[in-house]
Amino acid sequence: MGRLIYLDNNATTQMAPEVINAISEAQSVVYGNASSMHSFGREANKLVEDARSNIASLLECSTDEITFTSGASEANNTVFMIAKSLIEKKGSGRIVTTTIEHPSIIETVKYLKENGIHVDQVPVARDGRIKIDELKKLMGPDVVLVSVMTGNNETGAIQPIAEVSEIAHSYGALFHTDATQAIGKIKVSCKDWNLDYLSCSGHKFYGPKGVGILFAKKGVPFMPFVHGGEQEHGRRAGTYNTISIYGTGIAAKLAQENLDEENRRLWKMREALREGILKTVPHVVVNGCQDQQFCLPGTLDVSFENVEGESILLMLDMNGIAVSTGSACATGSLEPSYVLLAGGLDVELAHGSIRFSFGRFNTMEDVEYVLEVLPPIIERLRAISTR
Ligand SMILES: *Cc1c(COP(=O)(O)O)cnc(C)c1O
């Protein structure tokens, strides 16, 4: 096998060399507990606070509005459990979210519904964008929390976050966005979007795995999800993952510096692949966003008629190309992606979907290689297809 091409950057990213260097150096010297008052603790605490300030700058918020968690999944869970507490305290209330959120929200919604919390889910159109009219119909003074993701991990669709935030606030609801896929690809601003809560995760923007970021605007309700020590002013217990938090801060700084250039580069590769596939492979449907302003720049989701996505994935893998079948969490279960189905895609087509997601370390040569390898794979699979 010659080359290895990683086109699964929406699942996770390779750490940036700058991050690897910074954490390698730090982890050989800094080992104190960041909560300790002695010099070892203070040294560790400085790394955590450096990271917090880089992240606050990237997200356009203040440092005391940032809480570190174990990942975006925990950050999302925390926000929904805050809403649950508020609803239980009031004795009434409702959450409004969408049908296309990440499983860390979809499954939390399932749990909340089983536990008597009323949750409504706004449907999406074919381009993966939520139906704003349906959202407005679902709104009312009893809505406690509205949660709509910034950019979708499968279709790449970007939602009108500023507009949704305004709608939520006009009904007196709190507004949360899961911006995990958007960080480092488009500008995300807690201030401009008037957010109450935001979740994201370092490993999706070239940082280490296991560090999540939860923004909570000054003064909004906050109940801890993980109880214990007084870390993060009592908002999230547990010894600081000092070195990885530090690495996340370095990654945040890089994300901010490279934002515009990275956005353009990713879009060029995505478009070259999309055009190349449409030119060389018949019977293909491009899923999700079409219009650049509503697209995460590096995401391309495509359905191939009469082929199983899993078969394509395995054949590409044999050729050193790593992709996803749309939903990482559906892998192994052979269930088609709920996100694609929510957009109204035919079940058969959803079974034949592949997600290509570009990142900082991909080049146009990777696109050319995929366009050499992919068409004969589809042709061969269709020739042996029983469908
Ligand atoms: C990856 C991802 C998450 C989960 O992040 P973890 O840090 O892995 O828990 C949540 N939301 C979206 C949109 C994601 O892409």
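Calculation rules
- Residues numbered from 1 in each chain as written.
- Predicted model: local features only at pLDDT ≥ 70, side-chain atom pairs only at ≥ 80, totals over all residues.
- Heavy atoms only, no water.
- Helix = DSSP H or I, 4+ residues; strand = E, 2+ residues; numbered from the N terminus.
- Rg over C-alpha atoms; globule rule 2.2 N^0.38 Å.
- Contact = heavy atoms within 4.5 Å.
- Lys, Arg positive; Asp, Glu negative; His and termini not counted.
- Charge placed at Lys NZ, Arg CZ, Asp CG, Glu CD.
- Pairing = 2+ DSSP bridges.
- Axes fitted to C-alpha atoms, helices over the stretch in contact; angles between N-to-C directions.
- Near = heavy atom within 4 Å.
- Polar contact = N/O pair within 3.5 Å; in protein donor to acceptor, adjacent residues only side chain to side chain.
- Areas by Shrake-Rupley, 256 points an atom, 1.4 Å probe, with all protein chains shown as cover.
- Nonpolar A, V, L, I, M, F, W, Y, C, P; charged D, E, K, R; others polar.
- Salt bridge = Lys/Arg side-chain N within 4 Å of Asp/Glu carboxyl O.
- Buried < 20%, exposed > 50% of the residue type's maximum accessible area, 1.4 Å probe, protein only.
- Phe/Tyr/Trp six-rings, centres within 6.5 Å; stacked < 30°, edge-to-face > 60°.
- Lys NZ or Arg CZ within 6 Å of the ring centre and 35° of its normal.
- Core = buried A, V, L, I, M, F, W, Y, C linked by side-chain atoms within 4.5 Å.
- Arc of directions from axis to C-beta.

Colleague: When you look at the overall build of the protein chain in this model, what are you seeing that I'm missing?
Modeller: The number of helices and strands found in the protein chain is 11 helices and 12 strands. A globule of 387 residues ought to have a C-alpha radius of gyration of about 21 Å, and the protein chain, at 21 Å, matches this closely. Taking the principal axes of its C-alpha atoms as reference, the protein chain extends roughly 65 × 55 × 35 Å. Partitioning the intrachain contacts of the protein chain with sequence separation of at least 6 by distance along the chain shows that 73% fall at a separation of at least 24. For the protein chain, the centre of its 36 positive side-chain charges and the centre of its 47 negative side-chain charges are spaced 3 Å apart.

Colleague: Which parts of the structure should I look at to understand the sheet that holds strand β3 (residues 94-98)?
Modeller: Pairing between sheet strands relies on hydrogen bonds along the backbone, with the strands arranged either parallel or antiparallel. Taking strand neighbours across the sheet as the criterion, the 7 strands line up as β2-β8-β7-β6-β5-β3-β4 in an open arrangement whose pairing is mixed. Each edge of the open sheet is held by one strand with a lone partner, namely β2 (66-69) and β4 (118-122). Adjacent strand axes in the sheet meet at a mean angle of 20° when their direction is disregarded. Pairing of β3 with strand β5 (residues 143-147) involves 3 bridges; the strand directions are parallel. Bridge pairing links Ile 95 to Leu 145 in β5.

Colleague: It is not clear to me how the site of the ligand should be interpreted in this structure. Could you clarify?
Modeller: Taken together, 13 residues form the shell around the ligand, and within it Ser 73, Asp 178, Gln 181, Ser 201 and Lys 204 come nearest. The backbone of Ala 72 places a nitrogen or oxygen atom 2.9 Å from an oxygen atom of the ligand. At 2.7 Å from an oxygen atom of the ligand is found a side-chain nitrogen or oxygen belonging to Ser 73. Taken by itself the ligand offers 380 Å² of open surface, and the protein chains cover 88% of this. A breakdown of the residues in the shell around the ligand according to their chemical character gives 2 nonpolar, 9 polar and 2 charged.

Colleague: I would appreciate a short explanation of the pattern of salt bridges in the present structure.
Modeller: When the charged atoms of two side chains with opposite charge come close together, those side chains can pair. According to the stated counting rule, one finds 19 salt bridges in the structure shown. One salt bridge in this structure joins Asp 366 and Arg 3, with 3.3 Å as the shortest N-O distance. Pair noted here: Asp 366 is in helix α11 (residues 364-384) and Arg 3 is in the segment before β1 (5-6), with a separation of 363 residues, a long-range link. Looking at Asp 366, the relative accessible area reads 8%, which means it is buried. As a salt-bridge pair, Glu 88 and Lys 84 come within 3.0 Å of each other at their nearest N and O atoms. Here Glu 88 and its partner Lys 84 are both found in helix α3 (residues 72-90), 4 residues apart, which amounts to about one turn of the helix. In this structure Lys 84 comes out as buried when scored by relative accessible area, which is 14%. Connected through salt bridges with shared partners, the residues Arg 270, Glu 271, Arg 274 and Glu 275 form a single ionic network.

Colleague: I tried to follow the sheet that holds strand β10 (residues 299-304) on my own but got confused; where do I start?
Modeller: Taken together, the 3 strands give an open sheet; going across it, the order is β9-β10-β12, and neighbouring strands pair in antiparallel fashion. Either end of the sheet is taken by a strand with one partner, and the two such strands are β9 (284-287) and β12 (353-357). The mean angle between the axes of side-by-side strands here comes to 25°, regardless of whether they run parallel or antiparallel. Pairing of β10 with β12, which is carried by 5 bridges, proceeds in the antiparallel orientation.

Colleague: Just checking my understanding: could you explain the packing of aromatic side chains for this structure?
Modeller: When we look at a pair of aromatic rings, we describe it by the centre distance and by the angle of the planes. Evaluated as defined, the whole model comprises 2 aromatic pairs. On the numbers, 5.6 Å between centres and 45° between planes, the contact of Tyr 31 with Phe 40 is tilted. Of the residues examined, Tyr 31 reaches a relative accessible area of 64% and is grouped as exposed. Measuring from ring centre to ring centre gives 5.6 Å for Tyr 206 and Phe 361, while their planes differ by 85°; the resulting arrangement is edge-to-face. Placement of Tyr 206 in the loop between β7 (197-201) and β8 (212-216) and of Phe 361 in the loop between β12 and α11 is noted, with a sequence separation of 155 residues between them. Judged by relative accessible area, which is 34%, Phe 361 ranks as partly exposed. For Arg 129, the ring lying beneath its charged end belongs to Phe 294, and the centroid distance is 3.5 Å.

Colleague: What's the story with the nonpolar core in this structure? I'm lost.
Modeller: One recurring pattern in soluble globular proteins is that nonpolar side chains are buried together. Residues Leu 59, Phe 68, Leu 135, Val 146, Val 188 and Leu 198 are the most contacted members of the largest nonpolar core, which totals 63 residues. The residues contacting Leu 135, other than those within four sequence positions of it, are Val 96, Val 122, Val 146, Val 164 and Ile 167. Within the second largest apolar cluster, 29 residues are counted, among which are Phe 304, Val 370, Leu 374 and Ile 377.

Colleague: Quick question: what am I supposed to make of helix α6 (residues 161-170) here?
Modeller: The periodicity of an α-helix, 3.6 residues per turn, causes residues three or four places apart in sequence to face the same way. Regarding α6, the residues found buried are Ile 161, Val 164, Ser 165, Ile 167 and Ala 168. One face of α6 carries all of its buried residues, which in axial projection span an arc of 165°. Those residues of α6 that are exposed and angled more than 90 degrees off the buried face are Glu 166 and Ser 170. The inward-facing, buried residues of α6 contact α5 (132-138), β5 and β6 (174-178). Within two residues after α6, Gly 172 carries a phi angle of roughly 80°, on the positive side.

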